[in-house]
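What follows is each chain in one-letter form.
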Amino acid sequence: MTLISRGHAPNPDDQDKELFVENFDLLLSSEQIILTNGDYFFTQLSFAWCSWPYISGAGPLPLGYLLQGWREQIFKEPCPACGAEVLLFAFGGSPLSGAHSWSGFCKVCRTVQSGRESIHKPFSKRTYYVQQLRNRFPARAKRWEEYDGVVFSWSGTGLQPARKWRLVWTELANPASLPDLIAELKSGRKQSIRRKRL
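Summarised in this report is the structure supplied together with it. In this text, all values refer to a predicted model and were calculated from it rather than measured experimentally.

## Digging into the pairing of strand E4 (residues 85-93)
Turning to step 1, where the next piece is worked out: Where burial is concerned, most of E4 is hidden: 8 out of the 9 residues are buried.
Turning to step 2, where the next piece is worked out: Of the strand pairs in this sheet, strand E1 (residues 49-51) and E4 are connected by 3 bridges, and their pairing is parallel. Looking at E4, one finds that Cys-50 is bridged to Phe-91.
Turning to step 3, where the next piece is worked out: Hairpin connection between strand E3 (residues 76-78) and E4: a loop of 6 residues separates the two successive antiparallel strands, and Gly-83 in this loop has a positive phi of roughly 85 degrees.
Turning to step 4, where the next piece is worked out: As defined by bridge partners, E4 adjoins strand E5 (residues 100-106) across 7 bridges and the pair is classed as antiparallel. Considered in E5, the bridge of Val-86 is made with Cys-106.
Turning to step 5, where the next piece is worked out: In sequence, E4 turns back onto E5 through a hairpin of 6 residues, with Gly-98 there showing a positive phi of about 85 degrees.

## A closer look at the packing of aromatic side chains
Turning to step 1, where the next piece is worked out: Evaluated as defined, the whole model comprises 14 aromatic pairs.
Turning to step 2, where the next piece is worked out: Taking 6.3 Å as the distance between ring centres and 70 degrees as the angle between the ring planes, the aromatic pair formed by Phe-42 and Tyr-65 counts as edge-to-face. Residue Phe-42 is found in the loop between helix H4 (38-41) and E1, and its partner Tyr-65 is found in helix H5 (residues 63-71); the two are separated by 23 residues along the sequence. Each member of the pair, Phe-42 as well as Tyr-65, is classed as buried.
Turning to step 3, where the next piece is worked out: Look at Trp-52 and Phe-91: their rings are 6.4 Å apart centre to centre, the planes differ by 20 degrees, and that puts the pair in the stacked class. Residue Trp-52 is located in the loop between E1 and strand E2 (59-60), and its partner Phe-91 is located in strand E4; the two are separated by 39 residues in the primary sequence.

## Digging into the pattern of salt bridges
Pairing between side chains of opposite charge can happen when their charged atoms approach one another.
Turning to step 1, where the next piece is worked out: Considering all chains together, one arrives at 9 salt bridges under this definition.
Turning to step 2, where the next piece is worked out: Close ionic contact of Arg-71 with Glu-31 constitutes a salt bridge, the shortest N to O distance being 3.0 Å. Remark: Glu-31 occurs in helix H3 (residues 31-35) and Arg-71 occurs in helix H5; sequence separation between them is 40 residues.
Turning to step 3, where the next piece is worked out: The class for Glu-31 is partly exposed, based on a relative accessible area of 22%.
Turning to step 4, where the next piece is worked out: A salt bridge links Glu-72 to Arg-136; the nearest nitrogen and oxygen atoms lie 3.9 Å apart. Here the residue Glu-72 occupies a position in the loop between H5 and E3, and Arg-136 occupies one in helix H6 (residues 124-136), the gap between them amounting to 64 residues.

## Structural notes on the packing of H5 against H6
Turning to step 1, where the next piece is worked out: The geometry of H5 relative to H6 is characterised by a closest axis approach of 11 Å and an angle of 125 degrees between their N-to-C directions. Here H6 runs oblique to H5, going by the angle between their axes. The crossing of H5 and H6 is right-handed. Touching Tyr-65, Gln-68 and Gly-69 of H5 are Tyr-129, Leu-133, Arg-134 and Arg-136, all from H6.
Turning to step 2, where the next piece is worked out: Tallied by class, the residues present in the contact of H5 with H6 amount to 3 nonpolar, 2 polar and 2 charged.

## Focus on the nonpolar core
Turning to step 1, where the next piece is worked out: Judged by nonpolar contacts, the single largest core of 42 residues is most densely connected at Phe-20, Leu-27, Phe-75 and Phe-91.
Turning to step 2, where the next piece is worked out: Mapped by element, the contributors of at least two residues to this core are helix H2 (24-29), H3, H4, H5, E4, E5, H6 and helix H7 (178-187).
Turning to step 3, where the next piece is worked out: The element best represented in this core is E4, accounting for 6 residues.
Turning to step 4, where the next piece is worked out: In this view, Leu-27 contacts Phe-20, Ile-34, Leu-63, Leu-67, Leu-178, Leu-181, Ile-182 and Leu-185; residues no more than four positions away in its chain are not counted.

## Thoughts on the packing of helix H1 (residues 14-22) against H7
Turning to step 1, where the next piece is worked out: Two elements in contact, H1 and H7, have axes whose closest approach is 10 Å; the angle formed by their N-to-C orientations is 20 degrees. Classed by the angle they form, the pair H1 and H7 counts as roughly parallel. Like other packed secondary-structure pairs, H1 and H7 cross with a definite hand, here left-handed. Residues Asp-16, Leu-19 and Phe-20 of H1 touch H7, and the partners they reach there are Leu-178, Pro-179 and Ile-182.
Turning to step 2, where the next piece is worked out: Residues that form the contact of H1 with H7 fall into these classes: 5 nonpolar, no polar and 1 charged.

How each quantity is defined
- Residues numbered from 1 in each chain as written.
- Predicted model: local features only at pLDDT ≥ 70, side-chain atom pairs only at ≥ 80, totals over all residues.
- Heavy atoms only, no water.
- Buried < 20%, exposed > 50% of the residue type's maximum accessible area, 1.4 Å probe, protein only.
- Helix = DSSP H or I, 4+ residues; strand = E, 2+ residues; numbered from the N terminus.
- Pairing = 2+ DSSP bridges.
- Phe/Tyr/Trp six-rings, centres within 6.5 Å; stacked < 30°, edge-to-face > 60°.
- Salt bridge = Lys/Arg side-chain N within 4 Å of Asp/Glu carboxyl O.
- Axes fitted to C-alpha atoms, helices over the stretch in contact; angles between N-to-C directions.
- Parallel < 35°, antiparallel > 145°, perpendicular 65-115°, else oblique.
- Left-handed = near helix turned anticlockwise from the far one by under 90°.
- Contact = heavy atoms within 4.5 Å.
- Nonpolar A, V, L, I, M, F, W, Y, C, P; charged D, E, K, R; others polar.
- Core = buried A, V, L, I, M, F, W, Y, C linked by side-chain atoms within 4.5 Å.

See the structure below:
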């Protein structure tokens, strides 16, 4: 038997990252607004992710998760260029070997930085933290729903009516795109732009 385990494979968009860097101060100064609005909290950033094999939790990191991780210091590293703080938006590694890498934005250099060492060792600290974030702030909820269905009967009567159960997922937010979020934050009109487009 072969066990195959893969981490998350991101598909980053350079324009998305440029927009993020250009509006970094606006996003930081709007932290409270973003953290208290589900549609803003779950804004997806194509370049923000975490990846590791073997255990759950890897995947995209919405903007709210990044803000929480920055606030609680677990998504921060010293800048290799100037020694100031790099606010991470991507990281990955192995919870078994501890090998890892990270990328983020330095608040002083105003550049994207990356590295392979971490002040947060072992790497499993970050995996556990992300798992906790996903549990505390889920993007969707699940519930079991009963419905009318049919079952096959071998007694010669064929299909018969029966009550069945299915798992139903409900999205808890309608995430804003990064361009819409920035436009709404700049205008001061929360969600008004997206509501017009729905």
